[in-house]
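Notes for the structure review
Spelled out, the chains give:
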Amino acid sequence: HGCDRRQRRGFGSDDRALAFGARRGGAITANSREEHHPREAAAAAVAEAAAAVAIVFTFEDKVLFTVRNVDPDKGKWDLPGGFIDPNETAEEAACREIKEELGIEISNSDLKYITTSPNNYLYKNVPYRTMDIFYECELTSDVIKVEAEDEIQELIWVKRSEIDLNQIGFISIRKVIGEKYLG
């Protein structure tokens, strides 16, 4: 499948990606109902979960980070990526997000699966659980530009030996970069 342009990037700017999880007002939540209604509590917990993709671009011994221009974690390092839309595969979401954020056309075959990692994501003061799916994509050049300037302050290439995990905003990204790319 090719990558098509849709609405805006997930992490922080797409209300529709988390709209399904916002059914909390007056509705059941996992904490309030788990003793009396365990099935309803499980359903509520699932409704507050989302899936997202993160792409680790590499060139030589460097990793590409974005600098977030939106909360949560504005000013912190991030990876290109975002929420997976309904009826979209993780690979399709990765291709779409990269096209939207960086203007690069990549295909499913360019993506190498790395791992998954759970994350906590505070969106409009509501905590969500996400399952972040990580892919690596090797590039033949380190010349890239930002397309989504409202979401990304800048792009920075960092040598693996110089990556500072404290600069990375999201726990899942810190964990994966620390385990797979430092050394």
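Read on for a plain summary of the structure. (Residues numbered from 1 in each chain as written. Predicted model: local features only at pLDDT ≥ 70, side-chain atom pairs only at ≥ 80, totals over all residues. Heavy atoms only, no water.)

**Focus: the overall build of the protein chain**
On a plain count of helices and strands, the protein chain comes out with 5 helices and 7 strands. Going from N to C terminus, the protein chain has its helices and strands arranged as α-α-α-β-β-β-β-α-β-β-β-α. Within the span of the protein chain, comprising 183 residues, buried residues form 47% of the whole. Counting contacts in the protein chain only where the partners sit at least 6 residues apart, residues at least 24 apart contribute 69% of the total. If you sum the accessible surface of the protein chain, you get close to 9,500 Å²; carbon and sulfur atoms cover 48% of it. (Helix = DSSP H or I, 4+ residues; strand = E, 2+ residues; numbered from the N terminus. Buried < 20%, exposed > 50% of the residue type's maximum accessible area, 1.4 Å probe, protein only. Contact = heavy atoms within 4.5 Å. Areas by Shrake-Rupley, 256 points an atom, 1.4 Å probe, with all protein chains shown as cover.)

**Some thoughts on the pairing of strand β6 (residues 126-138)**
Across 10 bridges, the pairing between strand β1 (residues 49-59) and β6 is parallel. Considered in β6, the bridge of Phe57 is made with Cys137. The pairing of strand β5 (residues 112-123) with β6 spans 11 bridges and is antiparallel. Directly across from Ser117, in β6, lies its bridge partner Asp132. Following β5, the chain reverses through 2 residues before pairing antiparallel with β6; Lys124 in that reversal takes a positive phi of roughly 50°. (Pairing = 2+ DSSP bridges.)

**A short note on the pattern of salt bridges**
Summed over all chains, the structure comprises 9 salt bridges. With a shortest N-O distance of 2.8 Å, Glu88 and Arg96 are connected by a salt bridge. Here Glu147 makes a salt bridge to Lys145, at a shortest N to O gap of 2.7 Å. Overlapping salt bridges bring together Asp85, Glu88, Arg96, Glu97 and Glu100 as one network. (Salt bridge = Lys/Arg side-chain N within 4 Å of Asp/Glu carboxyl O.)

Take it as geometry only, folks, not as evidence of what the structure does.
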